[in-house]
Amino acid sequence: DVKVTQSSRYLVKRTGEKVFLECVQDMDHENMFWYRQDPGLGLRLIYFSYDVKMKEKGDIPEGYSVSREKKERFSLILESASTNQTSMYLCASSSGGHSGANVLTFGAGSRLTVL
Amino acid sequence: AQRVTQPEKLLSVFKGAPVELKCNYSYSGSPELFWYVQYSRQRLQLLLRHISRESIKGFTADLNKGETSFHLKKPFAQEEDSAMYYCALSSYNNNDMRFGAGTRLTVKP
């Protein structure tokens, strides 16, 4: 059973704070993703990574950075949190690599509130 | 650029009625299309993908390249189908995945 674990279920931070969201998967998946989920906007891709130390910008990378030092771990960093980054953040992973294999397994989500 | 459009934010039907959730996409290459579902207080999970041509929980979806659509259908909706449904697109042999805005389906008794 694939497990994608997000370290924090709920976080409350203040404007300007640095925020780390951690995600770990245990199925040796190549690809990992960070999305934010907002009502009416769906899931928007922030960053994804297809290999260790590799990253690609998604559609809304501004204000975010990522780190993938180990295959199983993908971290999302908010260098200076702002109120418009209040959202649900979803991490996902997939084996990818060939047609039909890019099925995402999601974590439970991290709900971040920035005051 | 890839784009997925789900024109209906909310859809409400009665139990036993047919249901169709619309999804349109724009992509210049060969897309791979998926439907994901999120039930209340559960994680987002795969419902079905076009490449498998399968029926899951009575749902089917056909990729229509001419109309660039991948609508999700079920002939007889059940109350347990109430959930948030997302259409998603991945470029062929690529590793990214883009989602639509989602449609919240409510099946009334």
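Per chain, residues are indexed from 1 in the order of the written sequence. Labels are handed out in written order, letters beginning with A for the chains and numbers beginning with 1 for the ligands. Per-residue local features of the predicted model are confined to residues with pLDDT of at least 70, and side-chain atom pairs are confined, for both listing and counting, to 80 or more; whole-chain, interface and lining totals are unaffected and use all residues. Only heavy atoms go into the side-chain values, all of them from the structure, while hydrogens and water stay out.

**Quick word on the sheet that holds strand β7 (residues 60-61) of chain B**
Residue and element names in this part refer to chain B. Pairing between two strands requires that DSSP report at least two bridges joining them. Comment: elements are numbered from the N terminus, with helices defined as DSSP H or I runs of at least four residues and strands as E runs of at least two. Sheet architecture is open: 3 strands sit in the order β3-β8-β7, paired in antiparallel fashion. With one partner strand each, in any of the chains shown, β3 (19-21) and β7 form the two edges of the open sheet. As judged from the 3 bridges shared by β3 and strand β8 (residues 72-74), these two strands associate in the antiparallel manner. When the bridges of β8 are listed, Glu20 appears paired with Lys73.

**Considerations on the interface of chain A and chain B**
A contact between two residues is defined here by any heavy atoms of the two lying within 4.5 Å. The partner chain B presents 22 residues to the 27 residues of chain A that form the contact. Summing the contributions of chain A and of chain B, the shared interface buries around 1,900 Å²; its carbon and sulfur component is 51%. Just to be clear on terms, a salt bridge is a Lys or Arg side-chain nitrogen sitting within 4 Å of an Asp or Glu carboxyl oxygen. Put simply, chain A and chain B have 1 salt bridge between them. Residues adjacent in sequence count toward polar contacts only when both atoms are side-chain atoms; beyond that, a polar contact is any pair of N or O atoms within 3.5 Å, and within protein one must be able to donate a hydrogen and the other to accept it. Seen at the junction of chain A and chain B, the total is 8 residue pairs in polar contact (both at pLDDT 80 or more). Counting only elements with at least two residues in the side of chain A that touches chain B, the list comes to β5 (31-38) and β6 (42-49) of chain A. The residue makeup of the side of chain A that touches chain B, split by class, is 14 nonpolar, 12 polar and 1 charged. Note: buried area is the sum, over both parts, of the accessible area (probe 1.4 Å) each one loses when the two are combined. Residue classes follow a fixed rule: Ala, Val, Leu, Ile, Met, Phe, Trp, Tyr, Cys and Pro count as nonpolar, while Asp, Glu, Lys and Arg count as charged, and any other residue, Gly among them, counts as polar.

**Observations regarding the confidence of the model for chain B**
The predictor's confidence in any single residue is recorded as pLDDT, a number from 0 to 100. On average, chain B scores 92 in pLDDT, and the residues at 70 or more come to 97%. Mean pLDDT across the elements of chain B bottoms out in strand β6 (residues 45-49) of chain B (92) and peaks in strand β11 (residues 103-108) of chain B (98).

**What to know about the environment of B:Pro31**
Residues and elements named next belong to chain B. The topology assignment puts Pro31 in strand β5 (residues 31-38). Residue exposure (1.4 Å probe, protein chains only): buried if accessible area is under 20% of the type maximum, exposed if over 50%, otherwise partly exposed. The buried category is assigned to Pro31, whose relative accessible area is 8%. Pro31 sits 37 residues away from Thr68 along the chain, and the two C-alpha atoms are 9.7 Å apart. In contact with Pro31, not counting residues within four places along its chain, are Tyr25, His50, Leu89 and Ser90.

**Brief notes about the packing of aromatic side chains**
Between rings of Phe, Tyr and Trp, where Trp is taken as its six-membered ring, a pair exists when centres lie within 6.5 Å; planes separated by under 30 degrees are stacked, by over 60 edge-to-face, and by other angles tilted. All told, the structure shown has 11 aromatic pairs over all chains when counted by the stated rule. Ring centres of B:Phe59 and B:Tyr85 lie 5.6 Å apart, and the angle between their planes is 50°; this geometry places the pair in the tilted category. Taken together, the residues B:Phe59 in the loop between β6 and β7 and B:Tyr85 in strand β9 (residues 83-91) connect sequence positions 26 residues apart. You'll find B:Phe59 and B:Tyr85 in the same group, each marked buried. Ring pairing ties together the aromatic residues A:Phe33, A:Tyr35, A:Phe48, A:Phe106, B:Phe34, B:Tyr36, B:Tyr86 and B:Phe99, which thus form one cluster. Criterion for a charge above a ring: Arg CZ or Lys NZ at most 6 Å from the ring centre, at most 35 degrees from the ring normal. The positively charged end of A:Arg9 is found above the aromatic ring belonging to A:Tyr10, 5.6 Å away from the centroid. Of note, B:Lys108 hangs over the ring of B:Phe14, and the distance from its end group to the ring centre comes to 4.5 Å.

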